[in-house]
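Below, each chain spelled out in residue letters.
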Amino acid sequence: PGPDLLRLRPPSMANFARQAAALLRAGGRRGVLARPRPLFVPSVRRFSDMRFAKTHEWVRVQGEESVLGISDFAQGQLGEVVYCDLPDAGATFKGSETICTLESVKAVGEVYAPADCEVIEANEKLSDEPSLVNSSPEADGWLVKIKLSGGLSGLMDRAAYDKHVEAESKEE
């Protein structure tokens, strides 16, 4: 490296902060945005395709199969889940039948089939880590994958479900 490279210094943080503040005060003039954009924008999946039952189960339709779990409200009411009794693949259920049970330190909760369905797969992670139902009820804590043979017309979207939960909470 030549002598010119040795004279280069990194800008001080104070100088950088002054320049950034001046650009923000200028309202983004000089071709710079008023608010710097983050380098990495995490993607957040919107669960607009989720439907909820009044009994606090959720269903997410993914093509030919659907995923079934319990809502965050339900896991909070149930308490720490210590055991999940899940059905085997191939089992069939009528709408509103108990599809599985969740045992917690407080109670045993029943999970109901949202419609007539056949179980395709049970979440095997729950046998080793049933607390996933509590820590991630609407993602990793899903219970079963099912093939629906009945409609989901009686289920609510997120906004309607949130109103339902609010009304139910006031009753307690």
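Note that the coordinates shown come from a computational prediction; the quantities given were computed from them, not determined experimentally.

Novice: Mind laying out the packing of aromatic side chains, listing which residues take part and the relevant values?
Specialist: Overall, the coordinates contain 1 aromatic pair when judged by the stated rule. Cation over ring: lysine 145 sits above tryptophan 142, and NZ or CZ is 5.1 Å from the ring centre.

Novice: Describe in detail a nonpolar patch on the surface, supporting the description with residues and values.
Specialist: A cluster of nonpolar side chains, contributed by Val82, Tyr83 and Val105, occupies part of the molecular surface with about 290 Å² of accessible area. Within the fold, tyrosine 83 resides in strand E4 (residues 81-85). The exposure class assigned to tyrosine 83 is partly exposed, which follows from its relative accessible area of 42%.

Novice: Now, about unusual backbone geometry: what can you tell me, with residues and values included?
Specialist: In this model, histidine 56 sits at a positive phi of 80 degrees, which is unusual for a non-glycine residue. For histidine 56, the location among the structural elements is in the loop between strand E1 (50-52) and strand E2 (57-62). One non-glycine residue with positive phi stands out, namely serine 96, at about 75 degrees. Within the secondary structure layout, serine 96 lies in the loop between strand E5 (92-93) and strand E6 (98-104).

Novice: Which residues make up the pattern of salt bridges, and what values go with them?
Specialist: Pairing is possible between side chains of opposite charge, provided their charged atoms come close. Under the criterion given, the structure shown has 4 salt bridges. With its nearest N and O atoms 3.9 Å apart, the salt bridge here joins lysine 145 to glutamate 65. Highlighted residues: lysine 145 in strand E9 (residues 144-148) and glutamate 65 in strand E3 (residues 65-70), separated in sequence by 80 residues. With its nearest N and O atoms 2.7 Å apart, the salt bridge here joins arginine 158 to glutamate 138. Here glutamate 138 lies in the loop between helix H5 (132-135) and E9 and arginine 158 lies in helix H6 (residues 158-171), a separation of 20 residues in the sequence.

Novice: Hey, could you go over the environment of arginine 60 for me, with residue numbers and the actual values?
Specialist: One can find arginine 60 in strand E2. Sequence separation between arginine 60 and aspartate 49 is 11 residues, and the spatial gap between their C-alpha atoms is 5.8 Å.

Novice: Could you give an account of the nonpolar core, with specific residues and numbers?
Specialist: Ile99, Leu102, Val111, Val133 and Leu143 are the most contacted members of the largest nonpolar core, which has 27 residues in total. Only E3, helix H3 (72-78), E4, E6, strand E8 (117-122), H5 and E9 provide two or more residues apiece to this core. Excluding its chain neighbours within four sequence positions, the residues that come into contact with valine 111 are Glu57, Leu68, Ile70, Glu97, Thr98, Ile99, Cys100, Leu102 and Leu143. Membership of the second largest hydrophobic core comes to 9 residues, among which are Met50, Trp58, Phe73 and Val165.

Novice: Explain the sheet that holds E8 to me, using residue names and the numbers behind them.
Specialist: Here we have 6 strands laid out as an open sheet, ordered E1-E2-E3-E9-E8-E5, and antiparallel in their pairing. Two strands bound the open sheet, and with one partner strand each, they are E1 and E5. As paired strands, E5 and E8 are joined by 2 bridges and run antiparallel to one another. Residue pairing across strands places threonine 92 opposite glutamate 118, the latter belonging to E8.

Novice: Residues and numbers for the confidence of the model for the protein, please.
Specialist: Residue-level pLDDT values for the protein average 82, and 72% of them are 70 or greater. Mean pLDDT across the secondary structure elements of the protein bottoms out at helix H1 (residues 3-7), with 43, and peaks at E8, with 98. Contacts for the low-pLDDT stretch residues 1-11, under 50 throughout, to residues beyond four places or in other chains number 0 contacts.

The rules we used
- The written sequence of each chain sets the order in which its residues are numbered from 1.
- The predicted nature of this model means local features are confined to residues of pLDDT at least 70 and side-chain atom pairs, given and counted, to a pLDDT of 80 or more, with totals for whole chains, interfaces and linings taken over all residues.
- With hydrogens and water stripped out, all remaining heavy atoms of the structure feed into the side-chain values.
- When two rings of Phe, Tyr or Trp (its six-membered ring) have centres within 6.5 Å they constitute a pair, described as stacked for plane angles under 30 degrees, edge-to-face for angles over 60, and tilted for the intermediate range.
- In this analysis the charged atom, NZ for Lys or CZ for Arg, is taken to sit over a ring once it is within 6 Å of the ring centre and within 35 degrees of the ring normal.
- Think of a patch as exposed residues, more than 30% relative accessible area, with no salt bridge, where like charges cluster within 9 Å and nonpolar side chains (Val, Leu, Ile, Met, Phe, Trp, Tyr) cluster within 5 Å.
- Residue burial considers only the protein chains on display, and all accessible areas are found by Shrake-Rupley using a 1.4 Å probe.
- Counted as salt bridges are all cases of a side-chain nitrogen of Lys or Arg within 4 Å of a carboxyl oxygen of Asp or Glu.
- Under the scheme used here, helices are H or I runs from DSSP no shorter than 4 residues and strands are E runs no shorter than 2 residues, and both carry numbers assigned from the N terminus.
- For each residue, the accessible area found with a 1.4 Å probe, counting protein chains only, is set against the maximum for its type, and the residue is called buried under 20%, exposed over 50%, and partly exposed in between.
- Each nonpolar core is a collection of buried residues, namely Ala, Val, Leu, Ile, Met, Phe, Trp, Tyr and Cys, held together in the definition by side-chain atoms within 4.5 Å.
- Contacts are assigned to residue pairs that have any heavy atoms within 4.5 Å of one another.
- Strands were regarded as paired on the criterion that DSSP finds at least two bridges between them.
- The predictor attaches a confidence to each residue, called pLDDT, with possible values from 0 through 100.

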